[in-house]
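The chain contents come next:
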Amino acid sequence: MTTHEQGQAKRSGADWLLFVVGFVLFSALGFWGTPALLYAEKPQPFQFSHKVHMEQVSEGCKSCHSFREDGSFTGIPSTDKCKECHSDSPQGNTPQEKTFVEEYLNKGKPVDWQVYSKQPACVFFSHAAHAENAGLECKKCHGDHGDSEKLRTYQQNRLTGYSRDIWGWSILGMGDPPKRMKMDNCADCHRANGVRDACFVCHK
Amino acid sequence: MSLANRYSAGEHRFGMVIDIDKCTGCGGCTVACMSENNVGVLYDETDKIRSITWMRVYQVDNGKPFPETQVAFFPRPCLHCEGSHGHHTPCVSVCPATATDYDPQTGIVSQIPTRCIGCRYCVGACPYHARYFNWFDTPWPAGLERPLNPAVAPRMRGVVEKCTFCYHRYQRAKNKAFLGGGKVEEMDYQTACTEACPSGAITFGDLKNPNHKVAQLAQSPECFRLLERLGTNNKVYYRTTREWVRRLADNYLKDEKPGQVAAS
């Protein structure tokens, strides 16, 4: 009997068990541990409820997210917009509102929101093309953020500095918008819709 | 060959006509370009091998002694070559990383610095020295990062950059057109150098649109392109009535006359 054959003969059930336990343990560690290492959690300055506000405004999303005359998108509204209601008397009695009014509104300081969908600096995105011309719903790319009551945790990739929403919440990098918004997600939808194709469509 | 037929199929072919007889060499285009496109000032701008000027003004003279000396200036952006058979832009064909491509719809040669690996093949391939390598990170002195143009992504050390015909202005113009349901008009999309030129020497527009001024001007027999016989089939036309200036635009034999030599 060679040493090799001796080794084969000795492999018992306990060996296999150990292998399986080790495999599962380290896979789990990789699966849940990697995101914790890779992503840093950053707090939003204060809570903001879309649901509460959608009941207050008259023109829906457009009351706060609209287009300027030159076709650019206003994005997140400035505090000037909030002043329309929050300047005189407190609207409710939440500590969130107090923080907002005292720390930002009264001091004239812009709110430093963490933007979940923020793309890298080299990317050009046009809301006019998608929301107006192609008639896509906000939900298609932003999920139900517009109906949300609370701001979810914002996570930032420690290496690239980009929001986790770009790579997506699956650590394997799978999923379609609104779960993920990488270059291939944009390109997949563009190909399906016959949008013109060149680097200088989405890049600047 | 008619102007539009020089280029392959595709909606637009954006291009320029630069009137050398109007250019005073003031450098306004260079400055406007740098501030529009976030091209910074390096530690040593006298080092012209390493400095970056997307729009560079070259000075030439007729080589004669005073008092017959004459001077002319060639402002040189990226010439956005198409190549003679539709698909042979010199820089695009050598890029191993696909960091630059030729947009078949607009005829603009892109440059995606984040994709660039810094090999500089394209710098060598470009017959016009229109491509620049970032030897340094641009030092933005405190406060100078604030007037940066948010529509143009700043670059880092180790990548190549070049003139994009202010492509971000086309994106902006398209945005407006998307909202209004209209089209991008001639004056909606103009490059920064065109707007800055005090003598109106630069005209910009769509060479495929017969209503655009640039398409009308470029037809003139006084217009020519740099190194035409290389077959780069580029989209920046120069205009002059001076024979000696025209001779400098390509390598002519003594007995050849500019304008009568066919482009390959």
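Residues numbered from 1 in each chain as written. Chains lettered and ligands numbered in written order. Predicted model: local features only at pLDDT ≥ 70, side-chain atom pairs only at ≥ 80, totals over all residues. Heavy atoms only, no water.

Trainee: Help me out: how do you make sense of the overall build of chain B in this one?
Mentor: When its secondary structure is counted, chain B shows seven helices and eight strands. A compact globule built from 264 residues would reach a C-alpha radius of gyration of about 18 Å, and chain B, at 18 Å, matches this within 12%. When the backbone C-alpha atoms are referred to their principal axes, chain B occupies close to 55 × 50 × 40 Å. Taken over 264 residues, chain B has a buried fraction of 50%. A separation of at least 24 residues holds for 64% of the contacts in chain B among residues at least 6 apart in sequence. Taken as a whole, chain B presents about 12,800 Å² of accessible surface, with 55% of it coming from carbon and sulfur. (Helix = DSSP H or I, 4+ residues; strand = E, 2+ residues; numbered from the N terminus. Rg over C-alpha atoms; globule rule 2.2 N^0.38 Å. Buried < 20%, exposed > 50% of the residue type's maximum accessible area, 1.4 Å probe, protein only. Contact = heavy atoms within 4.5 Å. Areas by Shrake-Rupley, 256 points an atom, 1.4 Å probe, with all protein chains shown as cover.)

Trainee: Can you walk me through helix H5 (residues 95-105) of chain A in this structure?
Mentor: Spacing of three or four residues puts side chains on the same side of an α-helix, whose turn is 3.6 residues. All names here are of chain A. Of the residues making up H5, those classed as buried are Glu97, Phe100, Val101, Tyr104 and Leu105. The buried side chains of H5 occupy one side of the element, clustering within an arc of 115° when seen end-on. Residues of H5 that are exposed and point more than 90 degrees away from the buried face comprise Pro95 and Lys98. Here the buried face of H5 lies against helix H4 (79-86). (Arc of directions from axis to C-beta.)

Trainee: Please clarify how helix H4 (residues 167-180) of chain B should be interpreted in this entry.
Mentor: Over its 14 residues, H4 of chain B extends 20 Å from the first C-alpha to the last, a length consistent with the 20 Å expected when each residue adds 1.5 Å. Gly181 of chain B occupies a position one or two residues after H4 of chain B and carries a positive phi of about 75°. (Expected span 1.5 Å × (residues − 1).)

Trainee: What should I look at first to understand the sheet that holds strand E7 (residues 223-224) of chain B in this one?
Mentor: Whether parallel or antiparallel, the strands of a sheet pair through hydrogen bonds between backbone atoms. A sheet is described by the order of its strands in space; here four strands give the open sequence E6-E1-E8-E7 (chain B), paired in mixed fashion. The open sheet is flanked by strand E6 (202-206) and E7 of chain B, the only strands paired with a single partner. (Pairing = 2+ DSSP bridges.)

Trainee: Got a minute to help me understand the interface of chain A and chain B in this structure?
Mentor: Interface size is commonly expressed as the accessible area that is lost once the parts come together. Listed per partner, the contact involves 22 residues of chain A and 24 residues of chain B. Buried surface at the junction of chain A and chain B, both sides included, amounts to about 1,900 Å², of which 64% is carbon and sulfur. Together, Arg196, Phe200 and Lys204 of chain A form the three largest contributors to the area buried by chain A at its contact with chain B, with a combined 38%. One can count one salt bridge joining chain A with chain B. Of the charged contacts in the structure, one is a salt bridge between Arg196 of chain A and Asp103 of chain B, with a shortest N-O distance of 3.2 Å. Between chain A and chain B we count eight residue pairs in polar contact (both at pLDDT 80 or more) in total. Elements supplying a minimum of two residues to the side of chain A that touches chain B: helix H6 (127-133) and helix H10 (199-202) of chain A. Looking at the side of chain A that touches chain B element by element, the count peaks at four residues for H6 of chain A. Its residues assigned to classes, the side of chain A that touches chain B shows 10 nonpolar, five polar and seven charged. (Buried area = accessible area lost by both parts, 1.4 Å probe. Salt bridge = Lys/Arg side-chain N within 4 Å of Asp/Glu carboxyl O. Polar contact = N/O pair within 3.5 Å; in protein donor to acceptor, adjacent residues only side chain to side chain. Nonpolar A, V, L, I, M, F, W, Y, C, P; charged D, E, K, R; others polar.)

Trainee: Explanation requested: the environment of Thr100 of chain B in the structure shown.
Mentor: Residues and elements named next belong to chain B. Summarising the element assignment, Thr100 is placed in the loop between helix H2 (90-94) and helix H3 (121-125). Exposure remark for Thr100: the relative accessible area of 3% places this residue in the buried category. A C-alpha to C-alpha distance of 41 Å links Thr100 and Lys64, two positions 36 residues apart in sequence. Discounting residues that sit within four places of it in the chain, Thr100 has contacts with Cys91, Val92, Cys95, Val109, Ser110, Gln111 and Arg131. A distance of 2.6 Å separates the side chain of Thr100 from the backbone oxygen of Ser110, its partner in a polar contact.

Trainee: What is the right way to look at unusual backbone geometry in this model?
Mentor: As a rule of thumb, non-glycine residues mostly have phi less than zero, and peptide bonds are mostly trans rather than cis. In this chain, Pro177 of chain A is followed by Pro178 of chain A through a cis amide linkage whose omega measures 5°. Relative to the elements of secondary structure, Pro178 of chain A occurs in the loop between helix H8 (164-167) and helix H9 (183-193). Within the chain, Arg120 of chain B stands out as a residue other than glycine whose phi angle is a positive 70°. Tracing the backbone through its elements, the reader meets Arg120 of chain B in the loop between H2 and H3. Unlike most non-glycine residues, Asn233 of chain B shows phi in positive territory, near 45°. The residue Asn233 of chain B is located in the loop between E7 and strand E8 (236-239) in this model.

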